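# Report on the structure
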Amino acid sequence: ETAARVTARARLTGVTEPSAIAAVRTAYDTVAEDYAQLLADELATKVFDRAVLAAFAELVRRHPDAVVADLGCGPGRITAHLRQLGLPAIGVDLSPEMIAVARRTYPGLQFDVGSMYALDANDQQFHGVVAWYSIIHTDVAGLPALFTEVGRVLDDDGDLLLAFQVGDGPELLHDAYGHQIDLVVHRHDLDRVTQLLNRAGLTVTARMVREPELSERHRQAFVFARKSRHE
């Protein structure tokens, strides 16, 4: 086990776990069943989102034996969609209840409980990483450490796909998916995210912003980045 992996896992051991992360886990454990039902068919209505995922799949398939990590996978719908696109994908989520739903819904796929801030994965283990609206509970100050961890598990020349809501500043949610919860949501500036990715050794290769659809209230950003190859 590498020193980097040990250090990453140690960040979230026992009582040292940040309270904000524990709050996210509790909130998603609470809403897991209803969240899965409400969003089950969401991709079917979103042409641009499917096109972005298809482009990511095409990029990653250039690697022989490519393996993809879907970080913050929730009930597993994006993991399953990646598999349909021909990518061996595993899902990782902080919420044990979300993982239970994913395993029940997609029994042929691998889903693990874990934090994307401290992944139980080897250095350079994945050829692709997807964080589909998974940075929404990370503030700006926390993004550099998160992007560093993504870079650790991503192979040289591997690809990252981020999806997130565009905006600035936090919002506290008290009611979501039919439940009373306390959950802080962070929206991010596209240029700032680009800068932080580049500083972490993840070179942005494409960016797209689409306008809100259906019940959405914010613009949606999609960012592709590639890990620099070290000679």
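For the structure itself, look to the data block above.
Residues numbered from 1 in each chain as written. Predicted model: local features only at pLDDT ≥ 70, side-chain atom pairs only at ≥ 80, totals over all residues. Heavy atoms only, no water.

### Considering the overall build of the protein
Condition: Only DSSP runs of H or I reaching four residues or more are called helices, and only runs of E reaching two or more are called strands; each is numbered from the N terminus. For this measure, only C-alpha atoms enter the radius of gyration; the expected value for a globule follows 2.2 Å times N^0.38, where N is the number of residues. Only protein chains enter the accessibility calculation, which uses a 1.4 Å probe. A residue is then buried if its area is under 20% of the maximum for its type, exposed if over 50%, and partly exposed in between. The contact criterion used is simple: two residues touch if any of their non-hydrogen atoms lie within 4.5 Å. Accessible areas in this description were obtained via Shrake-Rupley with a 1.4 Å probe; residue shielding takes into account the shown protein chains only.
Within the protein, the secondary structure is distributed over seven helices and nine strands. Its C-alpha atoms give the protein a radius of gyration of 16 Å, near enough to 17 Å, the size a compact globule of 231 residues would have. Here the C-alpha coordinates of the protein stretch approximately 50 × 45 × 40 Å along the principal axes. The burial tally for the protein puts 49% of its 231 residues in the buried class. Once local pairs closer than 6 in sequence are excluded, the contacts in the protein between residues at least 24 apart make up 69%. Summed over all atoms, the accessible surface of the protein reaches about 11000 Å², with 53% contributed by carbon and sulfur.

### Regarding the sheet that holds strand β3 (residues 110–113)
Applicable threshold: Pairing between strands requires that DSSP locate at least two bridges from one strand to the other. The angle between two axes is taken between their N-to-C directions and runs from 0 to 180 degrees, where each axis is a line fitted to C-alpha atoms and a helix contributes only its stretch in contact.
Strands sit in the order β3-β2-β1-β4-β5-β9-β8 across an open sheet of seven strands; the sheet is mixed. Two strands in the sheet have a free side with no partner beyond their single neighbour: β3 and β8 (202–210). Across the sheet, the axes of successive neighbouring strands diverge by a mean angle of 15°, strand direction being ignored. One ladder, built from seven bridges, connects strand β5 (residues 154–165) with strand β9 (residues 220–227); its direction is antiparallel. By the bridge assignment for β9, Gln165 is matched with Gln220. In the packing of helix α6 (residues 143–153) onto the sheet, contacts are made with β1 (68–71), β4 (126–132), β5, β8 and β9, and the angle to β5 comes to roughly 145°.

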